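The lines below spell out each chain.
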Amino acid sequence: MPYPTFRSACLALPALLLAACATSPAPRDTSLVLKSVRVVDTEAGREAAPQDVFIAGERIVAVAPAGRLVAPAGAAVVDGEGRWLMPGLWDMHAHWYDEATLPVFLAHGVTGLRQMRGYTGQYATRAKGIEGSLRAPRMHLASPLVDGPTPASEPALKVADADSAREVVRLVARSRADFLKVYDQIPADAYRALRDEARRLGVRVEGHVPITLDWVDASDGGTQRSFEHLHSLMVWSAGDATALHARWLAYHEGLGYNDGIGAAKREESAAIHHAAYDDFDPARFAAIAVHLRRNDTWQTPTCVLWRARRGRLDAGAPPDPRDKLVPAWMRDFWRGWWPSDDPEAVAKDFEVNARRDAFCLARTRDLHAAGVPLLAGSDTVMPFVYPGSSLHEELALMVEAGLPPLAALQTATRNPARFLGRDDLGVVRPGALADLVLLGGDPLADIANVRLVEGVAIGGAWMDDAARRAALDRVARIQAAPSAAKRMAQAYGSGGFDAAIAAYDALCPAPPEQADCGLFNTYWGLAPQVPPDQSALLLAWLERHGADDAELLSQLARHALDAGDVAEARRLFALALERAPGDPLLMQEQAALPAE
């Protein structure tokens, strides 16, 4: 339904008639009114007098000068006097896997996520239809990583040649992924076939620039919509890019992120980065930027990825109060990123990290000046990058890089809407989705004011400040809740299978803020320990108690396949896909099952 922009006819009438139409009824279906707010103009940055914003259902239906329209009886009213109203923010490079804690983003004003690596659990969340509600932000969901035959990170959809690349594109086209996420090690011929097939089928391609391609080739191909992290830009903007590229390819041989990066690989990575930064060629960079702008190739710098690490491993560094909002496994992953027994290696890594930080800021400034479109992303899940709040830090870094506050704010509001082809996101106007953030300060005067969140609407549902704080408190309690998987592993070690089951029964079932009753980790903790005569008991128990867990069911299917039971694997994959329909990885695994 179209919603015309409200412009009061009273503004065009003689003064004697103004009183007659000083107030008019608002649309009858109005359900929420935000009164006397200063609307943040994310298109031109114009200041406006206080306005009332009227919401019906999930959309804005009117924006009028304060007091001009009268809300119908029964509409909820929020007093926004002295506050600013901006569109909800989008984190355009995020990784978050836990459904129960997704409100942590909403509580920080982040109403949209581009999930950059699709896992089974995210497809299960999608099947529940909760995206765009107080339970979860809107999502632009990736496929699993699409990488070469020996991917740097598993699980991944692997492509080795042109034929396998085209087949993966067809798979993603049939799935519920919003886009195909390309990664580092795709062979050049496979990548070119992939982008041609994606163009033919209308599949969006976003992600890393494969190391086998230069930036101009990847941009001129016209299919890949975004490049992430300015990844490998330092190689292609160096004076001797050819020599550096050869070293870059050699560095990636045998590289596996899942197994950790060894000392030799760390040293070579640092050496390549230092050499590239020392050899930066402004003319080469400017030539690349011309192609990026002409081809409308979007960039997501994620500079916070480097800034977030600054000082975090210093002796005596205070704990971050945001630690309580992330799970213990993530904190362990962060601190395990660097070798604890080699302080010299850590110092060298932080030295190159400082140069990455400076390069990211400088190139973000230059890309903006060149007219290359930018998106704000945090890469949350990476070391010390927190859900929600680190996007605020990324916006501040864009201003530090030299962007005006308006341009920085656009990278998380108007620009994501343009990138996604939506005219009903990233703005506050009639017809737009009511994804809104009430702030205690003007973000166009100081970008740090995006942190002053006092209320959030998503799809017209309102979260006031008390509810927002309660949501953060609940997330903290979920993250601190005892883990059934850990309790079961401990009990099994001392008392066997029956003791492990008793440990689970003592905790679960329970709400997530009281106990983590997920069984996917239980499989990994117990299956390798359980003797063959009890394995069937464990697997049956896991399926019975985790019958709604698509990730667990898929792992049980893989276990059955490894044991040679194709029929059981087929049954379990089918159950997993019922709970996570359209997951490309499960679809591929199911299709690849051998005939019985």
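Rules used in this analysis
- Per chain, residue numbering runs from 1 following the sequence as it is written.
- Only residues with pLDDT of at least 70 get local features here, since the model is predicted, and only at 80 or more are side-chain atom pairs given and counted; chain-wide, interface and lining totals rely on the full set of residues.
- Only hydrogens and water are set aside when side-chain values are computed; all heavy atoms of the structure are taken into account.
- Only Phe, Tyr and Trp rings are paired, with Trp represented by its six-membered ring, and only when their centres lie within 6.5 Å; those with planes under 30 degrees apart are stacked, over 60 edge-to-face, the remainder tilted.
- A run of H or I in DSSP becomes a helix once it reaches four residues, and a run of E becomes a strand once it reaches two; helices and strands are each numbered from the N terminus.
- Three exposure classes are used, based on accessible area relative to the maximum for each residue type with a 1.4 Å probe and protein chains only: buried under 20%, partly exposed in between, and exposed over 50%.
- Any Lys NZ or Arg CZ found within 6 Å of a ring centre and within 35 degrees of that ring's normal is scored as a charge over the ring.
- Angles here are taken between N-to-C directions and fall from 0 to 180 degrees, while the axes themselves are lines fitted to C-alpha atoms, restricted in helices to the stretch in contact.
- Working definition: roughly parallel below 35 degrees, roughly antiparallel above 145 degrees, roughly perpendicular at 65 to 115 degrees, and oblique for all remaining angles.
- The sense of a crossing depends on the near helix, which, turned anticlockwise from the far helix by less than a right angle, makes the crossing left-handed and, turned clockwise, makes it right-handed.
- The contact criterion used is simple: two residues touch if any of their non-hydrogen atoms lie within 4.5 Å.
- Residue classes follow a fixed rule: Ala, Val, Leu, Ile, Met, Phe, Trp, Tyr, Cys and Pro count as nonpolar, while Asp, Glu, Lys and Arg count as charged, and any other residue, Gly among them, counts as polar.
- Only residues whose relative accessible area exceeds 30% and that form no salt bridge enter a patch; like-charged residues are grouped when within 9 Å of one another, and nonpolar side chains (Val, Leu, Ile, Met, Phe, Trp, Tyr) when within 5 Å.
- All accessibility values rest on the Shrake-Rupley procedure with a 1.4 Å probe; residue burial counts only the protein chains present in the view.
- Criterion for a salt bridge: a side-chain nitrogen of Lys or Arg within 4 Å of a carboxyl oxygen of Asp or Glu.
- Known as pLDDT, the predictor's confidence for each residue is given on a scale from 0 to 100.
- The criterion for a disulfide is a pair of cysteine sulfur atoms lying within 2.5 Å.

Details of the packing of aromatic side chains
Here the structure, examined in full by the defined rule, presents 15 aromatic pairs. Taking the centre distance of 5.0 Å and the plane angle of 35° together, the rings of Tyr 277 and Phe 359 count as tilted. With Tyr 277 in helix α9 (residues 263–278) and Phe 359 in helix α13 (residues 343–369), this residue pair connects regions lying 82 residues apart in the sequence. Across the pair, exposure class does not vary: Tyr 277 and Phe 359 are buried alike. Among the aromatic side chains, those forming a connected cluster through ring pairs are Trp 334, Trp 338, Phe 350, Phe 384 and Tyr 386. Taking the ring centre of Phe 419 as reference, the NZ or CZ of Arg 225 above it sits at 5.0 Å. The side chain of Arg 363 reaches across the aromatic face of Phe 280, ending 4.0 Å from its centre.

Here we look at the packing of helix α20 (residues 532–545) against helix α21 (residues 550–562)
Where α20 contacts α21, the axes come no closer than 10 Å and their chain directions differ by 155°. With respect to α21, the axis of α20 lies roughly antiparallel. Judged by the sense of rotation from one axis to the other, the crossing of α20 with α21 is left-handed. Contact residues: α20 offers Ser 535, Leu 539, Leu 542 and Glu 543, while α21 offers Leu 552, Leu 553, Leu 556 and His 559. In terms of residue class, the contact of α20 with α21 is made up of 5 nonpolar, 2 polar and 1 charged.

Focus: the side chain of Thr 125
You can see Thr 125 is positioned in helix α3 (residues 120–128). Discounting chain neighbours no more than four positions away, the residues touching Thr 125 are Glu 99, Leu 102 and Ile 130.

A word on unusual backbone geometry
Note that the residue after Glu 154, namely Pro 155, is joined by a cis bond; omega there is -5°. Following Cys 508, the chain continues into Pro 509 via a peptide bond in cis, with omega recorded as 0°. Mapped onto the secondary structure, Pro 509 falls in the loop between α18 (484–507) and α19 (520–526). For Ser 232, which is not a glycine, the phi torsion comes out positive at approximately 70°.

Topic: a nonpolar patch on the surface
Together, Tyr 97, Trp 329 and Phe 333 line one region of the surface with nonpolar side chains, adding up to about 290 Å² of accessible area. Topologically, Phe 333 is positioned in helix α12 (residues 328–335).

Quick notes on the pattern of salt bridges
Tallied over the entire structure, the rule returns 46 salt bridges. Between Asp 424 and Arg 59 there is a salt bridge, with the nearest N and O atoms lying 3.1 Å from each other. A residue pair is termed long-range when its members are at least 10 positions apart, and Asp 424 in the loop between α16 (414–420) and β16 (436–439) and Arg 59 in strand β4 (residues 59–65) qualify at 365 residues. The class of Asp 424 is buried, set by a relative accessible area of 9%.

What to know about the confidence of the model for the protein
Here the protein averages 93 in pLDDT, while 96% of its residues score no lower than 70. Long-range and interchain partners of residues 1–21, a stretch whose pLDDT sits below 50, account for 21 contacts in this model, where long-range means more than four residues apart.

Looking at the state of the cysteines
Tallying each qualifying case throughout the model produces 2 disulfides. For Cys 303, the disulfide goes to Cys 360, at an S-S distance of 2.1 Å. Between Cys 303 and Cys 360 the sulfur-sulfur dihedral comes to about -90°; the bridge is accordingly left-handed. Taken together, the residues Cys 303 in the loop between β15 (298–300) and α11 (304–307) and Cys 360 in helix α13 connect sequence positions 57 residues apart.

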